[in-house]
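Observations on the model geometry
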Amino acid sequence: MGEAVIFFGPPGAGKGTQASRLASERGYRKLSTGDILRDHVAHGSELGRQVKPILESGGLVPDQLVLALIREELSGGKAPKVIFDGFPRTLAQAQALDQLLSEKQVALKGVLLLVVPQRELLNRLVKRAQLEGRTDDNESVIQRRLEVYEKDTAPLADYYRGAGKLMQIDGTGTQDQVFARIQGALNGGVR
Ligand code: AMP
């Protein structure tokens, strides 16, 4: 039986960083839909050309495209041990993922919601824009991404809370502190 962990939370909450660390320390494979999409854009694939304006505007890529990527990544025989970072982002994606995990006999261990106050998110995202030069990290696009999160993605917290899967993690403090909280939550299970 495979197992999956979902990293959930607004842009700038630290999902990517924490997901990478958990993946390397616990032998999971990290699947970041944002990274996969950016990779397509960088390589100028047909999908990349299609999604480039969406990424640059801070909107969401259509569910069907994202789900096709996830299906492709999870194809193959072996039951995976996988961390999802930045996926699912809509209710339709979450429902499709449930179905996919059950088909593949993968148990959802938990959905880690990283909680960070809005003001700190903005600071972090502006800093990241300067460091990494992501084209979707300028201030108006940052604002849009936070709005899209609130409208389309934040409601998923209720979906996973209802399923008894949500683990709320304080995402403030140092990266080590946040990681320790994540490990504590995963070791203790859903409370
Ligand atoms: P991220 O790196 O996770 O912040 O994703 C960067 C951008 O990729 C987002 O602003 C969306 O445009 C797109 N994206 C990433 N993951 C998804 C997803 N699960 N559903 C729709 N769009 C996504």
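Definitions and cut-offs
- Residues numbered from 1 in each chain as written.
- Predicted model: local features only at pLDDT ≥ 70, side-chain atom pairs only at ≥ 80, totals over all residues.
- Heavy atoms only, no water.
- pLDDT = per-residue confidence, 0-100.
- Helix = DSSP H or I, 4+ residues; strand = E, 2+ residues; numbered from the N terminus.
- Pairing = 2+ DSSP bridges.
- Axes fitted to C-alpha atoms, helices over the stretch in contact; angles between N-to-C directions.
- Contact = heavy atoms within 4.5 Å.
- Near = heavy atom within 4 Å.
- Polar contact = N/O pair within 3.5 Å; in protein donor to acceptor, adjacent residues only side chain to side chain.
- Areas by Shrake-Rupley, 256 points an atom, 1.4 Å probe, with all protein chains shown as cover.
- Nonpolar A, V, L, I, M, F, W, Y, C, P; charged D, E, K, R; others polar.
- Phe/Tyr/Trp six-rings, centres within 6.5 Å; stacked < 30°, edge-to-face > 60°.
- Buried < 20%, exposed > 50% of the residue type's maximum accessible area, 1.4 Å probe, protein only.
- Lys NZ or Arg CZ within 6 Å of the ring centre and 35° of its normal.
- Parallel < 35°, antiparallel > 145°, perpendicular 65-115°, else oblique.
- Left-handed = near helix turned anticlockwise from the far one by under 90°.

With respect to the confidence of the model for the protein
Chain-level statistics for the protein give a pLDDT mean of 94 and a share of 98% at 70 or above. Per-element averaging of pLDDT across the protein places helix 6 (residues 118-132) at the bottom with 88 and helix 8 (residues 156-162) at the top with 98.

What about the sheet that holds strand 2 (residues 29-32)?
Spatial strand order, 2-3-1-4-5: five strands in an open sheet with parallel pairing. Two strands lie at the open edges of the sheet, namely strand 2 and strand 5 (166-170), each paired on one side alone. Each adjacent strand pair in this sheet contributes to an overall mean axis angle of 25 degrees, direction not counted. Relative to strand 5, strand 4 (residues 106-115) runs parallel, the two being bridged by five bridges. Among the inter-strand pairings, Leu112 is bridged to a residue of strand 5, identified as Met167. Sitting on the sheet, helix 9 (residues 175-188) touches strand 1 (2-8), strand 4 and strand 5, and the angle it makes with strand 5 is about 155 degrees.

Some details on the site of the ligand
Around the ligand sit 16 residues in total, of which Thr33, Arg38, Gly59, Arg89 and Gln93 are the nearest. The separation between an oxygen atom of the ligand and a polar side-chain atom of Arg38 is 2.9 Å. Compared with its free state, where it exposes 480 Å², the ligand has 96% of that area covered by protein. Considering every element that reaches the shell around the ligand, the biggest residue donor is helix 2 (residues 33-43), with four residues. A breakdown of the residues in the shell around the ligand according to their chemical character gives six nonpolar, five polar and five charged.

Section: the packing of aromatic side chains
Under the defined criterion, the tally for this structure stands at three aromatic pairs. Arranged with centres 6.1 Å apart and planes meeting at 50 degrees, the rings of Phe8 and Tyr149 form a pair that is tilted. Of the two residues, Phe8 sits in strand 1 while Tyr149 sits in helix 7 (residues 139-153), which places them 141 residues apart along the sequence. A single burial state applies to Phe8 and to Tyr149, both of which are buried. With centroids separated by 5.1 Å and ring planes inclined at 80 degrees, the aromatic side chains of Tyr159 and Tyr160 adopt a geometry described as edge-to-face. Above the ring of Tyr28, the side-chain terminus of Lys81 is found at 4.7 Å from the ring centroid.

Description of the packing of helix 2 against helix 3 (residues 46-57)
Each packed pair of helices is defined by two parameters, the angle between the axes and the distance between the axes. The contact between helix 2 and helix 3 brings their axes to 8 Å, and the two run at 115 degrees. Between helix 2 and helix 3, the angle is such that the two are roughly perpendicular. For the pair helix 2 and helix 3, the sense of crossing is left-handed. Touching Leu37, Arg38, His40 and Val41 of helix 2 are Leu47, Gly48, Val51, Lys52 and Leu55, all from helix 3. By residue class, the composition of the contact of helix 2 with helix 3 is five nonpolar, two polar and two charged.

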